Amino acid sequence: MSMDFSTDRLRALLAKPQGHKYDHGHALVLTGGIGRTGAARLAARGALRVGAGLVTLGAPGSAMLECAAQITALMLRRVEGAEDLAALLGDPRINALCLGPGMGVERAGEFLAVVRDGGVKPHPTVVVDADGLTALGPVAAPLPPGWVLTPHGGEFARLFPDLAAKLTAPAVTGPAYSKVDAAREAAARAGCVVLFKGPDTVIAQPDGRAAVHAASGARAVPWLATAGAGDVLAGLIAGLCARGLSGFEAACAAAWLHVEAARAFGPGLIAEDLPDALPGVLRALGQDGH
């Protein structure tokens, strides 16, 4: 990690004092319908492994049995539509929400309206990924400040088409427009943290602060390009936010942990392996389990 985010800072952020499970936050991860819950389950397992005290999956009735057959430490609540989500978010102990992985665009859009425009006070962090980003569409005005957007290149182009065009345009005069420039402008426009994914992941917040995590050279992890890896990253961010990290700090820490878990496992990695590789990474960092 470069640009004012160090391993020492990461170690300090991840220190987990003694306390009750609710002292370490409660993350809610929303799922899609039957046959489409795997992405959310990956995100939820990542959130739990990174130290959130509790993690709940919010699934529609059609998917409850599917989820129940696949989980143990995670909790499960029926969240059919907007009214169910609004009621669940009335619990002040839920302090982070992951919205998008495997949800389907229509369901994601319905729930985005609840946390954005539906009269429910936004929670400290809403991590918007995958179908949530597609449902969000082009960003023209500030979003709630506690949000974190996690686009890859294609999603970034849908959210910020003008910035993506500048980024891909030939550099006729210098200095060239960089990915850091694009992420900073996107964060300023959106009014929230933007994590622009890739081998050179850039995390930016609206005030211009940015960090770059380059998975290149000795840290290259080409096997991280596998289905579901981004869902785990979204869950890591949500889990760290549940623990009390700011959106920017959580995104920076999650980007580093994501790559370190992939490096620890090595070639042959699939997304399910990432959460289970985390304990070894955390131990090596000097944490006692979380």
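All of the points below concern the structure found in this document. (Residues numbered from 1 in each chain as written. Predicted model: local features only at pLDDT ≥ 70, side-chain atom pairs only at ≥ 80, totals over all residues. Heavy atoms only, no water.)

On to the overall build of the chain, then. Helix and strand content of the chain: twelve helices and nine strands. Within the chain, buried positions represent 54% of all 290 residues. Residue pairs at least 24 apart in sequence account for 66% of intrachain contacts in the chain once pairs closer than 6 positions are excluded. Total accessible area computed for the chain in this model is approximately 11,800 Å², and 55% of it derives from carbon and sulfur atoms. (Helix = DSSP H or I, 4+ residues; strand = E, 2+ residues; numbered from the N terminus. Buried < 20%, exposed > 50% of the residue type's maximum accessible area, 1.4 Å probe, protein only. Contact = heavy atoms within 4.5 Å. Areas by Shrake-Rupley, 256 points an atom, 1.4 Å probe, with all protein chains shown as cover.)

For the rest of this paragraph, the subject is the environment of Leu-10. Mapping Leu-10 onto the fold places it in helix H1 (residues 7-14). Residue class for Leu-10 comes out buried when judged on its relative accessible area of 1%.

Here strand S2 (residues 54-59) lies mainly inside the structure; six of its six residues are buried. Note: strand S1 (residues 26-30) against S2, five bridges, orientation parallel. When the bridges of S2 are listed, Leu-30 appears paired with Gly-58. For the crossover from S1 across helix H2 (residues 38-49) to S2, the handedness is right-handed. When S2 meets strand S3 (residues 75-78), the two strands line up parallel, connected through four bridges. Within S3, the residue paired with Ala-59 across the bridge is Arg-78. (Pairing = 2+ DSSP bridges. Right-handed = clockwise from strand over helix to strand, strands pointing away.)

Turning our eyes to something else, we now look at the packing of helix H10 (residues 229-242) against helix H11 (residues 247-265). Contact geometry of H10 with H11 gives a least axis separation of 8 Å together with a crossing angle of 135°. By the angle between their directions, the pair H10 and H11 is classed as oblique. Note that H10 runs across H11; the crossing there is right-handed. Each of Ala-229, Leu-233, Leu-236, Ile-237, Leu-240 and Cys-241 in H10 lies in contact with H11, whose residues at this interface are Gly-247, Ala-250, Ala-251, Ala-253, Ala-254, Ala-255, Leu-257 and His-258. (Axes fitted to C-alpha atoms, helices over the stretch in contact; angles between N-to-C directions. Parallel < 35°, antiparallel > 145°, perpendicular 65-115°, else oblique. Left-handed = near helix turned anticlockwise from the far one by under 90°.)

Before going further, it helps to spend a moment on the packing of helix H8 (residues 161-168) against helix H9 (residues 179-190). Running from amino to carboxyl end, H8 crosses H9 at an angle of 170°, the nearest separation of the two axes being 10 Å. Between H8 and H9, the interaxial angle falls into the category roughly antiparallel. Contacts between H8 and H9 involve Asp-162, Leu-163, Lys-166 and Leu-167 on the former and, on the latter, Lys-179, Ala-182, Glu-185, Ala-186 and Arg-189.

For H2, spanning twelve residues, the distance from its first C-alpha to its last is 16 Å, which sits close to the expected 16 Å at 1.5 Å a residue. Every buried residue belonging to H2 is among Ala-39, Ala-40, Leu-42, Ala-43, Ala-44, Gly-46 and Ala-47, and all of these are buried. Check the buried side of H2 and you find it contacts S1, S2, strand S4 (94-99), H10 and helix H12 (273-285). Of the residues one or two after H2, Gly-51 is the one with positive phi, at around 115°. (Expected span 1.5 Å × (residues − 1).)

What follows deals with helix H5 (residues 105-117). An α-helical turn contains 3.6 residues, so a residue and the one three or four places further along point in the same direction. In this model, H5 (13 residues) spans 17 Å end to end at C-alpha, consistent with the 18 Å of a helix rising 1.5 Å per residue. Taken as a whole, H5 has its buried residues at Arg-107, Ala-108, Phe-111, Leu-112, Val-114 and Val-115. The arc enclosing the buried residues of H5, seen along the axis, measures out at 155°, which places them on a common side. Exposed residues lying more than 90 degrees from the buried face of H5 are Glu-106 and Asp-117. (Arc of directions from axis to C-beta.)

Quick look at the layout of surface pockets now. In this structure, the largest pocket occupies an estimated 530 Å³ of space. Taken together, 25 residues line the largest pocket, and the ones lying closest to its centre are Lys-197, Gly-198, Leu-224, Ala-229 and His-258. Listed by contribution, the elements that provide at least two residues to the lining of the largest pocket are H10 and H11. No other element matches H10, which puts four residues into the lining of the largest pocket. Of the residues that constitute the lining of the largest pocket, the class distribution is 13 nonpolar, eight polar and four charged. For the second largest pocket, the full set of lining residues is Gly-38, Arg-41, Leu-42, Arg-45, Leu-48, Arg-49, Gln-70, Ile-71, Thr-72, Ala-73, Leu-74 and Glu-272. Taken together, the residues of the lining of the second largest pocket sort by class into five nonpolar, three polar and four charged. (1 Å grid on protein atoms, 1.4 Å probe; cavity = no way out; pocket = protein on both sides within 12 Å on 5 of 7 lines; lining within 4 Å. Points joined across faces, edges and corners; volume = space filled by probe spheres on them. Nonpolar A, V, L, I, M, F, W, Y, C, P; charged D, E, K, R; others polar.)

Time to look at the environment of Val-232. Residue placement: Val-232 occurs in helix H10. Looking at Val-232, the relative accessible area reads 1%, which means it is buried. Sequence separation between Val-232 and Asp-273 is 41 residues, and the spatial gap between their C-alpha atoms is 9.9 Å. Residue contacts for Val-232: discarding those within four places in its chain leaves Leu-42, Ala-43, Ala-271, Leu-274 and Pro-275.

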